[in-house]
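If you want the building blocks of each chain, they are given just below.
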Amino acid sequence: MDIAPLIHMPEPLCLIENTNGPLLVNPEALKILSAIRQPVAVVAITGLYRTGKSYLMNKLAGKNKGFSVGSTVQSHTKGIWMWCVPHPKKPNHTLVLLDTEGLGDVEKGDKTNDTHISVLALLLCSTFVYNTMNKIDQGAIDLLHYVTELSHLLRIDTSPNLNRVDDAADFVRICPDLVWTLRDFYLGLEANGQLITADEYLENSLRPKQGTNQHLQNFNLPRLCIQKFFPVKKCFIFDLPTHQKKLAQLETLHNDDLDPKFVQQVAEFCSYIFSNSKTKTLSGGIKASGSHLENLVQTYVNAINSRDLPCMESEILTLAQIKNSAAVQKAIAHYDQQMGQKLQLPTETLQELLDLHKASEKEAIEVFMKNSFKDEDQGYQKKLEMQLAAKQNDFHKRNLEASQNHCSALLQDIFHPLEENVKQGVYSKPGGHCLFIQQRDELKAKYNQEPRKGIQAEEALQKYLESKESMSVTILQTDLALTAMEKEIEDRFVIFFLSEVGITEEFIKAEAQRLMESLMQHQQMMESRKIFHQEQVRLMETNRVYQEALQQRAMERQLQEEVKKLKEKLQAENRKLHDELQNLPRNDSPDDTCLLL
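Every value quoted in this text rests on a predicted model; they were computed, and no experiment measured them. (Residues numbered from 1 in each chain as written. Predicted model: local features only at pLDDT ≥ 70, side-chain atom pairs only at ≥ 80, totals over all residues. Heavy atoms only, no water.)

A. Broad picture of the overall build of the protein. Of the regular secondary structure elements, the protein holds 19 helices and 12 strands. Here the protein holds 597 residues, and the buried ones make up 38% of them. Expressed as a percentage of contacts within the protein between residues at least 6 apart in sequence, the contacts between residues at least 24 apart total 74%. A total accessible area of about 34800 Å² is found for the protein, and carbon and sulfur atoms account for 55% of it. (Helix = DSSP H or I, 4+ residues; strand = E, 2+ residues; numbered from the N terminus. Buried < 20%, exposed > 50% of the residue type's maximum accessible area, 1.4 Å probe, protein only. Contact = heavy atoms within 4.5 Å. Areas by Shrake-Rupley, 256 points an atom, 1.4 Å probe, with all protein chains shown as cover.)

Here is the structure:
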């Protein structure tokens, strides 16, 4: 059962203490949360320090006092303070109010914990009140963007079962509503000469501009992220509550002492929060109770204390790191998707792979440029280009391997009949080697006609043929042996035949001798011609070398003449300079003597 006494807290209690070290959770506050069995609507407020956040939270609690309201430049609220009260509009619900210390406190040298306090408030709440002064400017937008990005990073970094987003509807349920409050608002609510509402003013302030240059991308990115993170947005403006001198006693003043318009604006703000503050919802549509909120507090505080979240003096630099790292990953994912869809290994040529890589790389860089943020030194773009180059090398290796494997299988298939013929002795006969070569060349042509073999096609073919060279040599030797045997048989048959018709063996030998002598004379004549040709070539080469030597000597003589003339010219210039120095007027002054020397 719900425990009514505990939710009627007479005053706020510190939930998370912000010290110079790690964030500390108050066990007493956790005990109160763990005892709440009702669903909770969690309203958190954050913004720059000394902007009246605590005053608004006191009004939501139905009190004038409670959360500390400071009247000087010294910040009062440290860490996160909690006040649990019955929900005014939702029976059996508890309204949990979280007041945070202000950002930008000059008394604190380290801004890191201040930012983490706002991140925690954003993660824990179901309605996020962002309190700023005077108007919506770029600094306020950048600060809110920074907090939302860190909260998203921390949510991903913690247990996925705790607060996991499964679909778009789930995302809307678990993301808090944004209520932007503008204190001491002095601008006129109009645009293009037309009156507008506070909500329209917020919408206009978060609207991106058209264009693709880097300046516009830097302008649009935080606005697009805020719009995506907060599906529901509301804006309230507040006039100055009272005279500046009375602000020090703001929490003791009655409504009659305040500007009526301010009183009405606060009432409208509270009414909206009571009517529209949604129940804290976890992933999967689970309505959070106090015990759920207790677990979230411990989980997120432990995560912040134990993890190295981006924490730098420049929020913009940190955002750039987050955004540009994500932009690199998006670009790589796009590249992988494009190559996966369009690349078919092996490619017919290397150029085909290079062209596809180049097109996918161009698109990936465009994706990066669209999602990057202040990559002014192009450091992240260079990282992307290095990763893309590594992926290109990997694809090149895979392309070679795919081509080699495909060609090996294709060669085995095409040349299998030839190898079977060898095993069966088809080529073991006179003229068998010529038949082997003929059929091998036919199969080579068939292999060359096959498409999509890849860039290893020729090399794979040559390696295969080299591996079968011994087979060709064996067939040739067998062919020569069988051919010689066949010729010997034919010769014996011819001799037998001639002897039968009256032609003696002596006549045949004499005729053979005559033919051999004629052949030797022809060979000697050809050898003489060859020697004469070689001598002619040698003489021509000797003459060429001689002519080159003559030209070299002529050039050396010409160079010597030019050097000699240059020396003579320098000597003449030196003599002229010497004469001019001799003619200069002399002075016995030591200074002039030093100068002359």
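B. Seen up close, the packing of helix α12 (residues 350–371) against helix α13 (residues 379–414). Here α12 crosses α13 at 155 degrees, and the two axes come no closer than 11 Å. The pairing of α12 with α13 is recorded here as roughly antiparallel in orientation. Seen along the crossing, α12 lies across α13 with a hand that is right-handed. Two secondary-structure elements touch here, α12 through Leu350, Leu353, Leu354, His357, Glu361, Ala364, Ile365, Phe368 and Met369 and α13 through Tyr380, Gln381, Leu384, Glu385, Leu388, Gln392, Phe395, His396 and Asn399. Of the residues belonging to the contact of α12 with α13, the class tally is 11 nonpolar, five polar and two charged. (Axes fitted to C-alpha atoms, helices over the stretch in contact; angles between N-to-C directions. Parallel < 35°, antiparallel > 145°, perpendicular 65-115°, else oblique. Left-handed = near helix turned anticlockwise from the far one by under 90°. Nonpolar A, V, L, I, M, F, W, Y, C, P; charged D, E, K, R; others polar.)

C. Representation of the pairing of strand β4 (residues 80–86) in the model. Counting buried residues in β4 gives five out of seven residues, a clear majority hidden from the surface. Pairing of strand β1 (residues 13–17) with β4, which is carried by three bridges, proceeds in the antiparallel orientation. Within β4, the residue paired with Leu13 across the bridge is Met82. By the bridge criterion, seven bridges tie β4 to strand β5 (residues 94–100) in an arrangement that is antiparallel. Note on β5: the bridge partner recorded for Ile80 is Thr100. (Pairing = 2+ DSSP bridges.)

D. Region of the structure containing the confidence of the model for the protein. Across the protein, pLDDT averages 81, with 82% of residues at or above 70. Element-level pLDDT for the protein is lowest in helix α19 (residues 590–596), with a mean of 40, against a maximum mean of 96 in strand β10 (residues 233–237). Note on residues 310–315: pLDDT under 50 across the span, and 13 contacts to partners over four residues away in sequence or across chains. Low pLDDT, under 50, characterises residues 588–597; the stretch is placed with five contacts to residues that sit more than four places away or in other chains. (pLDDT = per-residue confidence, 0-100.)

E. Up close: the pattern of salt bridges. Applying the stated criterion across every chain yields a total of 11 salt bridges. One salt bridge connects Lys261 with Asp239, and the closest N-O pair in it is separated by 3.9 Å. Here the residue Lys261 occupies a position in helix α9 (residues 260–276), and Asp239 occupies one in the loop between β10 and α9, the gap between them amounting to 22 residues. Two residues, Lys463 and Glu459, come together in a salt bridge whose shortest N-O distance is 3.2 Å. With Lys463 and Glu459 both in helix α16 (residues 457–467) and four residues apart, this pair spans about one turn of that helix. The partly exposed category is assigned to Lys463, whose relative accessible area is 46%. Overall, Glu459 belongs to the partly exposed group, its relative accessible area being 37%. (Salt bridge = Lys/Arg side-chain N within 4 Å of Asp/Glu carboxyl O.)

F. Main features of the packing of aromatic side chains. The full count for this structure, using the stated rule, is 13 aromatic pairs. A connected cluster of aromatic rings, assembled from ring pairs, spans Tyr55, Phe236, Phe238, Phe262, Phe269 and Tyr272. Its end group placed over the ring of Phe219, Arg223 keeps NZ or CZ at 3.6 Å from the ring centre. The lysine or arginine in question, Lys234, covers the ring of Phe236, its NZ or CZ lying 5.5 Å from the ring centre. (Phe/Tyr/Trp six-rings, centres within 6.5 Å; stacked < 30°, edge-to-face > 60°. Lys NZ or Arg CZ within 6 Å of the ring centre and 35° of its normal.)

G. The arrangement of unusual backbone geometry in detail. Put simply, Leu345 and Pro346 share a cis peptide bond, and its omega is 0 degrees. Among the secondary structure elements, Pro346 is positioned in the loop between α11 (315–342) and α12. Its identity as a non-glycine residue notwithstanding, Asn134 has a phi of 70 degrees, on the positive side. Counting through the fold element by element, Asn134 comes out in the loop between β6 (127–133) and α5 (138–157). Here Asn134 falls in the partly exposed class, since its relative accessible area comes to 27%. In the Ramachandran plot, Arg452 falls in the positive-phi region, its phi being about 55 degrees despite a non-glycine side chain. Turning to its location among the elements, Arg452 is positioned in the loop between α15 (432–449) and α16. Of the residues examined, Arg452 reaches a relative accessible area of 28% and is grouped as partly exposed.

H. The sheet that holds strand β2 (residues 24–25), seen in detail. Across the sheet, eight strands lie side by side as β2-β1-β4-β5-β3-β6-β7-β10; this open sheet has mixed pairing. What marks the edges here is a single partner per strand, and that holds for β2 and β10. Lying over the sheet, helix α7 (residues 198–205) contacts β7 (177–183) and β10, oriented at roughly 120 degrees with respect to β10. Sitting on the sheet, helix α10 (residues 290–306) touches β1, β2, β3 (40–47) and β5, and the angle it makes with β1 is about 35 degrees.

I. Summary view of the side chain of Asn131. Residue position: Asn131 is located in strand β6. Of note is the side chain of Asn131, whose polar atom sits 2.6 Å from the side chain of Thr181. (Polar contact = N/O pair within 3.5 Å; in protein donor to acceptor, adjacent residues only side chain to side chain.)

J. Focus on the packing of α13 against α16. Relative orientation of the contacting elements α13 and α16 amounts to 45 degrees, with a least axis distance of 9 Å. It follows from the interaxial angle that α13 and α16 lie oblique. Seen along the crossing, α13 lies across α16 with a hand that is right-handed. On α16, the residues touching Ser403, Gln404, Cys407, Leu411 and Gln412 of α13 are Ala457, Ala460, Leu461 and Tyr464. Of the residues belonging to the contact of α13 with α16, the class tally is six nonpolar, three polar and no charged.

K. Region of the structure containing the pairing of β10. Where burial is concerned, most of β10 is hidden: four out of the five residues are buried. As paired elements, β7 and β10 share five bridges and run parallel to each other. Considered in β10, the bridge of Thr181 is made with Phe236.

L. The nonpolar core, seen in detail. One finds Leu15, Trp180 and Phe269 to be the most contacted residues of the largest nonpolar core, which totals 87 residues. Broken down by element, the residue count for this core peaks at eight residues, all from α5. What Trp180 contacts, discounting residues up to four positions off in sequence, is Tyr130, Thr132, Ile136, Ala140, Ile141, Leu144, Leu202, Lys234, Cys235 and Phe236. Residues Leu411, Leu461, Tyr464 and Leu465 belong to the second largest nonpolar core, which totals 17 residues. (Core = buried A, V, L, I, M, F, W, Y, C linked by side-chain atoms within 4.5 Å.)

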